[in-house]
Number of protein chains: 2
Amino acid sequence: MSDPIDFYFDFSSPYGYFGAEKIEDLAAGFDRQVIWHPILLGAVFKESGAKPLLEYPLKGDYMRHDLQRLSTFMDVPFKMPDPFPIAAVAASRAFYALTDQQPDLAKKVARELYRAYFAHGLDISKPDVVLDIALAQGADRQTLETNMTSDAVKQRLRDENAAAIGRGVFGSPFFIADGEPIWGADRFWMLKRWLKNKSWK
Amino acid sequence: MSDPIDFYFDFSSPYGYFGAEKIEDLAAGFDRQVIWHPILLGAVFKESGAKPLLEYPLKGDYMRHDLQRLSTFMDVPFKMPDPFPIAAVAASRAFYALTDQQPDLAKKVARELYRAYFAHGLDISKPDVVLDIALAQGADRQTLETNMTSDAVKQRLRDENAAAIGRGVFGSPFFIADGEPIWGADRFWMLKRWLKNKSWK
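This write-up is about the structure you can find in this document.

What counts, and at which threshold
Residues numbered from 1 in each chain as written. Chains lettered and ligands numbered in written order. Predicted model: local features only at pLDDT ≥ 70, side-chain atom pairs only at ≥ 80, totals over all residues. Heavy atoms only, no water. Helix = DSSP H or I, 4+ residues; strand = E, 2+ residues; numbered from the N terminus. Rg over C-alpha atoms; globule rule 2.2 N^0.38 Å. Buried < 20%, exposed > 50% of the residue type's maximum accessible area, 1.4 Å probe, protein only. Contact = heavy atoms within 4.5 Å. Phe/Tyr/Trp six-rings, centres within 6.5 Å; stacked < 30°, edge-to-face > 60°. Pairing = 2+ DSSP bridges. Axes fitted to C-alpha atoms, helices over the stretch in contact; angles between N-to-C directions. Parallel < 35°, antiparallel > 145°, perpendicular 65-115°, else oblique. Left-handed = near helix turned anticlockwise from the far one by under 90°. Nonpolar A, V, L, I, M, F, W, Y, C, P; charged D, E, K, R; others polar. Expected span 1.5 Å × (residues − 1). Salt bridge = Lys/Arg side-chain N within 4 Å of Asp/Glu carboxyl O.

**Observations concerning the overall build of chain A**
At step 1: Along its length, chain A carries nine helices and four strands.
At step 2: In chain A, the succession of α and β elements from N to C terminus is β-α-β-α-α-α-α-α-α-α-β-β-α.
At step 3: Radius of gyration (C-alpha) of chain A: 16 Å, near the 17 Å computed for a compact globule of 201 residues.
At step 4: With the C-alpha coordinates aligned to their principal axes, the bounding extent of chain A is approximately 50 × 45 × 35 Å.
At step 5: A burial count over chain A gives 53% of its 201 residues as buried.
At step 6: Across chain A, contacts joining residues at least 24 apart in sequence account for 70% of those joining residues at least 6 apart.

Right under this line is the structure:
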């Protein structure tokens, strides 16, 4: 099996949600695994000087329309949540609290957190909401509650953010395969091409 | 024949150059014509609050790499020009000075202006460079020189910019087909899908 694909995303990023819904099947088709890295884009934006798309007036209108059409033709349920954006700290920490011991559960919980926010409008910035969703997927609520706020998990999220910035990540979703950086849920065609040919020729 | 596709671009935009190299063949495949609209993104950025990609440190690195790989697999010669970016006023005015009387020549000149800048490193912000390129494509140099700086052509460019902003255009290339806005040289797959199905279902 070739090297895994790194998948960077922010739980508050709608395009990241589309990425999370599609990346595992895509990667499996090329016999690749995926390493998920929730990050906080706020920290990245501070570094890169950018702002969330919706804060640009013309881009915001485009994005609202674009998300609806992506939802339709990618067949992924989507409803623009309110409030938006939210702080993804609790959701990200829950992921890192689970992933070393129970990697499959961590991904399942991450997918359900995204769906809870972008399909059902639940506010996943609230630790209680995150814990309830994790419990429904089979996590031990009390252990997770303790681990989510441990110094080790808090530091892990900071380290992942720093590592992402160090690798040039500036958006969500952001994929890195064999060193090739690919940004955007609209670039699956490019990622597929790379995984197929391992070359741009 | 269905309605034409509107193609907005800035002569200083490398992604716009890739768009210009590919859009006519793509549209012809669906029996569509293309209306070209050079605009000045500087004016648009003022409205939208955005900045050129290269001014964001992480995005700039990504973009430099991305342009090279797009060049390779789209088979379009590309060399990052210096100076970059440049003012696209002269090139845009040359286009509008030609397009009403000689629409095919105007597109030919536009494509050659883009190639001159992004494949051969010529500084197309200089009116003389623009005029030489237009002459080589068959334009009357003296007539064009006069018309380029006429009040009518200057106003035409201002009107096209205002109209683009009014339609939500905020980047280059930016396509509008049947009211569907599609931004980016990496979204040809999406434009094709629309032209084929005229629906996102």
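Still more to cover.
**Notes on the packing of aromatic side chains**
Residues and elements named next belong to chain A.
At step 1: The full count for this structure, using the stated rule, is 50 aromatic pairs over all chains.
At step 2: Relative to Trp36, the ring of Phe9 has its centre 5.6 Å away and its plane inclined at 85°; by these criteria the two rings are edge-to-face. Of this pair, Phe9 sits in strand E1 (residues 5-9) while Trp36 sits in strand E2 (residues 34-38), and the two are 27 residues apart along the sequence.

**Notes on the sheet that holds strand E4 (residues 180-183) of chain A**
Residues and elements named next belong to chain A.
At step 1: In space, the four strands of this open sheet follow the order E2-E1-E3-E4, with mixed pairing throughout. Strands with a single pairing partner mark the edges of an open sheet, and in this sheet they are E2 and E4. Strand-to-strand, the axes of this sheet are offset by a mean angle of 20°, without reference to chain direction.
At step 2: In this sheet, E2 lies alongside E1 in parallel orientation, the contact comprising five bridges. Within E2, the residue paired with Phe9 across the bridge is Pro38.

**Examining unusual backbone geometry**
Residue and element names in this part refer to chain B.
At step 1: Look at the link from Phe84 to Pro85: it is a cis peptide, with omega at -10°.
At step 2: For Pro85, the position within the fold is in the loop between helix H3 (57-74) and helix H4 (89-99).
At step 3: Geometrically, the link from Ser172 to Pro173 is a cis peptide bond, its omega value of 0° lying close to zero.
At step 4: Position of Pro173 among the secondary structure elements: in the loop between helix H8 (151-166) and strand E3 (174-177).
At step 5: Backbone geometry places Asp178, a non-glycine residue, at a positive phi of 55°.
At step 6: Along the chain, the position of Asp178 falls in the loop between E3 and strand E4 (180-183).
At step 7: A relative accessible area of 33% places Asp178 in the partly exposed class.

**Let's talk about the packing of helix H6 (residues 127-136) of chain B against helix H7 (residues 141-148) of chain B**
All names here are of chain B.
At step 1: Interaxial distance between H6 and H7 falls to 9 Å at its minimum, and their mutual angle equals 135°. As the angle between them shows, H6 and H7 are arranged oblique. Crossing of H6 over H7 shows right-handed handedness. Here H6 contributes Pro127, Asp128, Val130, Leu131, Asp132, Ala134 and Leu135 to the contact with H7, which in turn contributes Arg141, Leu144, Glu145 and Met148.
At step 2: Partitioned by chemical class, the residues of the contact of H6 with H7 number seven nonpolar, no polar and four charged.

**Section: the environment of Tyr96 of chain A**
All names here are of chain A.
At step 1: Along the chain, Tyr96 falls in helix H4 (residues 89-99).
At step 2: Note on Tyr96: relative accessible area 3%, which makes it buried.
At step 3: It is 7.2 Å that separates the C-alpha atoms of Tyr96 and Leu157, two residues lying 61 residues apart in sequence.
At step 4: Leave out the neighbours within four places in its chain, and Tyr96 touches His37, Pro38, Val153, Arg156, Leu157 and Glu160.

**Regarding helix H1 (residues 14-28) of chain A**
At step 1: Between its first and last C-alpha, H1 of chain A extends 23 Å over 15 residues, near the 21 Å set by a 1.5 Å rise per residue.
At step 2: Along H1 of chain A, the residues that are buried comprise Pro14, Tyr15, Gly16, Tyr17, Phe18, Gly19, Ala20, Ile23, Leu26 and Ala27 of chain A.

**Let's talk about the sheet that holds strand E1 (residues 5-9) of chain B**
Residue and element names in this part refer to chain B.
At step 1: The four strands lie next to each other as E2-E1-E3-E4, forming an open sheet whose pairing is mixed. Each end of this open sheet is capped by a strand with a single partner; those strands are strand E2 (34-38) and E4. Sheet twist, expressed as the mean angle between neighbouring strand axes with direction ignored, is 20°.

**Description of the pattern of salt bridges**
At step 1: Enumeration over the complete set of coordinates arrives at 32 salt bridges over all chains.
At step 2: Among the ionic pairs, Arg141 of chain A bridges to Asp128 of chain A, the shortest N-O distance being 3.6 Å. Taken together, the residues Arg141 of chain A in helix H7 (residues 141-148) and Asp128 of chain A in helix H6 (residues 127-136) connect sequence positions 13 residues apart.
At step 3: Taking the relative accessible area as the measure of exposure, Arg141 of chain A reaches 24% and is therefore partly exposed.
At step 4: A salt bridge links Arg64 of chain B to Asp61 of chain B; the nearest nitrogen and oxygen atoms lie 3.6 Å apart. Residue Arg64 of chain B and its partner Asp61 of chain B are both found in helix H3; the two are separated by three residues, about one turn of the helix.
At step 5: Look at the salt bridges and you will find they share partners, linking Asp66, Arg69 and Asp186 of chain A together with Glu180 and Arg187 of chain B into a network.

**Observations concerning the packing of H1 of chain A against helix H9 (residues 188-197) of chain A**
Residue and element names in this part refer to chain A.
At step 1: Their axes nearest at 12 Å, the elements H1 and H9 cross at an angle of 20°. Put simply, H1 runs roughly parallel to H9. Remark: the crossing between H1 and H9 carries right-handed chirality. In this structure, H1 uses Phe18, Gly19, Lys22, Ile23 and Leu26 to contact H9, whose residues at the interface are Phe188, Leu191, Lys192 and Leu195.
At step 2: Taken together, the residues that form the contact of H1 with H9 break down as six nonpolar, one polar and two charged.

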